[in-house]
Amino acid sequence: MSFLNISNLEKSFGPTRVVHDFSLAVEQGEFISFLGPSGCGKTTTLRMVAGFETPTAGRIEIDGRDIVRLRPNQRNIGMVFQSYALFPNLTVGQNVAFGLKVAGASRALIRARVAEMLEMIGLPDLAGRYPFQLSGGQQQRVALARALAVRPQVLLLDEPLSALDAKIRVSLRAEIRAIQKKLGITTIYVTHDQEEALSMSDRIVVMHQGRADQVGTPFQIYNTPATRFVAGFVGALNTVQAEVIDPGTGRVLLAGTEAVLDRALPAGQVTLGLRPEMVSLGPAPGRETVLRGRVVEVDFLGAVIRLKAELGGEVLAFDTFNTSQKAPPRVGEEVSVSLAARDLLVIGPPA
Amino acid sequence: MTRIWSWIALTFGLIYFALPLIGTVEFSLRMRRGEYSFDAYRKVLADPRFQETFSYSVVMALATIVFGVLLVVPTAYWVRLKLPRLRPYVEFLTLMPLVIPPIVIVFGYLRLYNTSSWLPLTGTTMGTNLLLMFGYATLSLPYMYRAVDTGLRSIDVGTLTEAAQSLGAGWVTILARVILPNVLVAVLSGAFLTFAIVIGEFVLAALLNRPAFGPYLQLMGANRAYEPAALAVIAFAITWACMGLIQLVSRFTRHGRTA
Ligand SMILES: Nc1ncnc2c1ncn2[C@@H]1O[C@H](COP(=O)(O)OP(=O)(O)OP(=O)(O)O)[C@@H](O)[C@H]1O
Ligand SMILES: [Mg+2]
């Protein structure tokens, strides 16, 4: 039995159902991300765990105890909000102490815990400041400290970094992950930023229209997407049409060239997916299928150059690394690209 | 051009407000023939009935403020949090005392709570005081509710509530430690208006026959010459002192507003 068990959770607002049959088992100390586009029900699911929404059906158990009937303040679940939600009338120290005070902790314990928490988030000297005297990143760190000070059983974060600018976002996500690991706290993290989800999580739940399309490690989600939606939503993906010649061995005709996928395929037309980094310019070891075509777009991004080439009626985007030795190809130039047929993903029909 | 007009408007306003005030002050100092003196003030302040009625009204005002805050803050909070669609209706309801004359309210009270009714509040002094306080709270409701509701608008009530809940706080704790401190300045301005209303109120106190400051003012005005002017100046000074206090308090509790 896992530590946090969500089973067959459903939620409707009036006639609209926004979460469908959502089940998830989270191990103690695990970091789970809910990833999905806007409006797919991430926040609603998280809020049901926190107790701010009542599920229409389903169970939520922590440590074997059903918590659906508990009020939010009885659940011992920490929450971090996108808008920080620090109490504006309290100092940083008082904000962090709030939960402990409510719980009636002794003054000595509160003082020690507040100091420990502020140390942990790297702001030991700011206890006396008011929230409006802090930067956004600092405020969110204080919010994290406040949520963790009461030693909750589960930590929930709803897009905690999306109000911050890009640099802080990257550094803070590493910090959050480090703190989470150090405390070993079971965490659910809501985001619509796939890079965030991929870099932080033990496992990712990709949500789509109120359902969990796929649950898996970042590696699984990225490399073996279960649905067309997951394949398209996580990472950049080329999709190409191919004709199956031999369903048994997975021999296909792809942009006029034969390739063998080495797995059984349905007969007829299939949609295949390919990540840009699985395609190289020119020949490459291990990439046996070579296609010829013409460059149609060159995007110089610095370290990486993203190219698009038209190959037998299909357009493929792919990346090469920048080198000072060789200028990137020009638009219109004839090129050959290579890929490995086993890297091709079979994309199911649209859901 | 516009400059000149604004100066004219300002001067006109100043004259409009200042002249009666100056006139009143001047008149209140003229009790002794041929020279200025504070005789009128001395007389007023020495009058035991002034002291009685004034302290009665101050106590009533404080009680009304406490009752009003306890009634309005949770109500306005709850409406904002859980019944946002009802907000316009509630706001309309709180405006009713402005359109219903106090005399109607007090006759309603007397009908409902007279000695032969099911709740004979007017039968005892304490009961009548209570009734008067409820009346005052009704009269100040529009100001109190608006002030508090405006204060609540400046904070993210929903998220702060959820943050406090997830930290284990119940409703009483949330109201006392999160909501009230953050709308304190608004509550104070509502309290100040309540104070001003209660100190000067005449109809309710007179018809309920309570020894309040308003009826006393009226009595003096009808029977004396210089003392009412002195009283008016004193009342005015108290009002300004209140406003100064509010300024002070809001300066000390400014954190967060700008965040
Ligand atoms: N209180 C509510 N009443 C009615 N519908 C709601 C309510 N809350 C959310 N919804 C609807 O439920 C759906 C899911 O909303 P939710 O906030 O969970 O999405 P989300 O995945 O968190 O999106 P985002 O990334 O934009 O935050 C949306 O279509 C939304 O309109
Ligand atoms: Mg959301």
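If you're wondering where the values come from, they're calculated on a predicted model, not measured in any experiment. (Residues numbered from 1 in each chain as written. Chains lettered and ligands numbered in written order. Predicted model: local features only at pLDDT ≥ 70, side-chain atom pairs only at ≥ 80, totals over all residues. Heavy atoms only, no water.)

1. Examining the overall build of chain B
What chain B contains, in helices and strands, is 12 helices and 0 strands. From first element to last, N terminus to C terminus, chain B shows the α and β order α-α-α-α-α-α-α-α-α-α-α-α. Dimensions along the principal axes, computed over C-alpha positions, put chain B at roughly 75 × 65 × 30 Å. Expressed as a percentage of the 259 residues in chain B, the buried residues total 40%. Summed over all atoms, the accessible surface of chain B reaches about 14600 Å², with 70% contributed by carbon and sulfur. For chain B, the centre of its 20 positive side-chain charges and the centre of its 11 negative side-chain charges are spaced 5 Å apart. (Helix = DSSP H or I, 4+ residues; strand = E, 2+ residues; numbered from the N terminus. Buried < 20%, exposed > 50% of the residue type's maximum accessible area, 1.4 Å probe, protein only. Areas by Shrake-Rupley, 256 points an atom, 1.4 Å probe, with all protein chains shown as cover. Lys, Arg positive; Asp, Glu negative; His and termini not counted. Charge placed at Lys NZ, Arg CZ, Asp CG, Glu CD.)

2. Examining the side chain of B:Glu201
All names here are of chain B. You can see Glu201 is positioned in the loop between α9 (184-200) and α10 (203-207). Buried and without a salt bridge, Glu201 has Arg210 as its closest oppositely charged side chain, separated by 11 Å. A distance of 3.3 Å separates the side chain of Glu201 from the backbone nitrogen of Ala205, its partner in a polar contact. Apart from residues lying up to four places away in sequence, Glu201 is in contact with Pro102, Tyr136, Leu139, Gly214 and Pro215. (Salt bridge = Lys/Arg side-chain N within 4 Å of Asp/Glu carboxyl O. Polar contact = N/O pair within 3.5 Å; in protein donor to acceptor, adjacent residues only side chain to side chain. Contact = heavy atoms within 4.5 Å.)

3. Comments concerning the site of ligand 1
All names here are of chain A. Around ligand 1, a shell composed of Phe13, Val18, Pro37, Ser38, Gly39, Cys40, Gly41, Lys42, Thr43, Thr44, Glu159 and His192 is seen. At a separation of 2.5 Å, an oxygen atom of ligand 1 approaches a polar side-chain atom of Thr44. Taking Glu159, its side chain carries an N or O atom lying 3.2 Å from an oxygen atom of ligand 1. In isolation ligand 1 offers 640 Å² of accessible surface; the protein chains occlude 57% of this area. If one sorts the elements of the shell around ligand 1 by residue count, helix α1 (residues 42-50) sits on top with 3 residues. Residue composition of the shell around ligand 1, by class: 4 nonpolar, 6 polar and 2 charged. (Near = heavy atom within 4 Å. Nonpolar A, V, L, I, M, F, W, Y, C, P; charged D, E, K, R; others polar.)

4. Points about the sheet that holds strand β2 (residues 16-26) of chain A
All names here are of chain A. Ordered by their spatial adjacency, 4 strands build an open sheet running β2-β1-β4-β5, and the pairing between neighbours is antiparallel. Of all the strands in the sheet, the pair left with one neighbour each is β2 and β5 (65-66). Where strand β1 (residues 4-13) lies against β2, 7 bridges are found, and the strand directions are antiparallel. Along β2, the bridge assignment pairs Asn5 with Ala25. Sitting on the sheet, α1 touches β1, β2 and β4 (57-62), and the angle it makes with β1 is about 120°. (Pairing = 2+ DSSP bridges. Axes fitted to C-alpha atoms, helices over the stretch in contact; angles between N-to-C directions.)

5. Structural notes on helix α6 (residues 125-153) of chain B
Given a rise of 1.5 Å per residue, 29 residues ought to cover 42 Å, and the 40 Å separating the end C-alpha atoms of α6(B) matches this to within 8%. Along α6(B), the helix axis deviates most sharply at B:Ser140, where the bend reaches about 55°; the proline B:Pro142 sits within four residues downstream. (Expected span 1.5 Å × (residues − 1). Bend = angle between axes of the 7 residues up to and from the residue.)

6. Describing the sheet that holds strand β15 (residues 279-281) of chain A
Residues and elements named next belong to chain A. In spatial order, the strands read β15-β19-β16-β17-β18; together these 5 strands make up an open sheet with antiparallel pairing. Looking along the sheet, the strands with just one partner apiece sit at the ends: β15 and β18 (314-321). Averaged over all neighbouring strand pairs, the angle between strand axes comes to 45°, with direction disregarded.

7. Focus: the packing of aromatic side chains
Residues and elements named next belong to chain B. This model, assessed by the stated rule, comprises 18 aromatic pairs over all chains. With a centroid separation of 5.1 Å and an interplanar angle of 80°, the aromatic rings of Phe54 and Phe213 are classed as edge-to-face. With Phe54 in helix α3 (residues 48-82) and Phe213 in helix α11 (residues 213-223), the pair connects residues that are 159 residues apart, well separated along the chain. Given a relative accessible area of 1%, Phe213 falls into the buried group. Considering the side-chain rings of Trp78 and Trp171, the 5.1 Å spacing of their centres and the 80° angle between planes classify their relative orientation as edge-to-face. (Phe/Tyr/Trp six-rings, centres within 6.5 Å; stacked < 30°, edge-to-face > 60°.)

8. Here we look at unusual backbone geometry
Residues and elements named next belong to chain A. Its identity as a non-glycine residue notwithstanding, Asp21 has a phi of 40°, on the positive side. For Asp21, the position within the fold is in strand β2. When its relative accessible area of 45% is taken as the criterion, Asp21 is described as partly exposed. The phi dihedral of Arg151 is positive, around 50°, even though this residue is not glycine. Within the element layout of this structure, Arg151 appears in the loop between α4 (136-149) and β7 (154-158). When its relative accessible area of 39% is taken as the criterion, Arg151 is described as partly exposed.

9. A short note on the pairing of strand β19 (residues 334-339) of chain A
Residues and elements named next belong to chain A. Most of β19 sits inside the fold, with 5 of its 6 residues counted as buried. In the sheet, β15 pairs with β19 via 3 bridges, with the strands oriented antiparallel. Its bridge partner being in β19, Val279 is matched across the sheet by Leu339.

10. Structural notes on the domain arrangement of chain A
All names here are of chain A. Its domain assignment divides chain A into domain 1 (4-233) and domain 2 (238-347). Spacing between the C-alpha centres of domain 1 and domain 2 amounts to 39 Å. Contacts between the two partners involve 6 residues from domain 1, matched on the other side by 6 residues from domain 2. Taken together, both faces of the contact between domain 1 and domain 2 bury some 560 Å²; the carbon and sulfur share is 49%. For the domain 1 face of the interface with domain 2, the top three residues by lost area are Tyr222, Arg228 and Ala231, together amounting to 74%. Counting across the interface, domain 1 meets domain 2 through 0 salt bridges. (Domains from an automatic or database assignment. Buried area = accessible area lost by both parts, 1.4 Å probe.)

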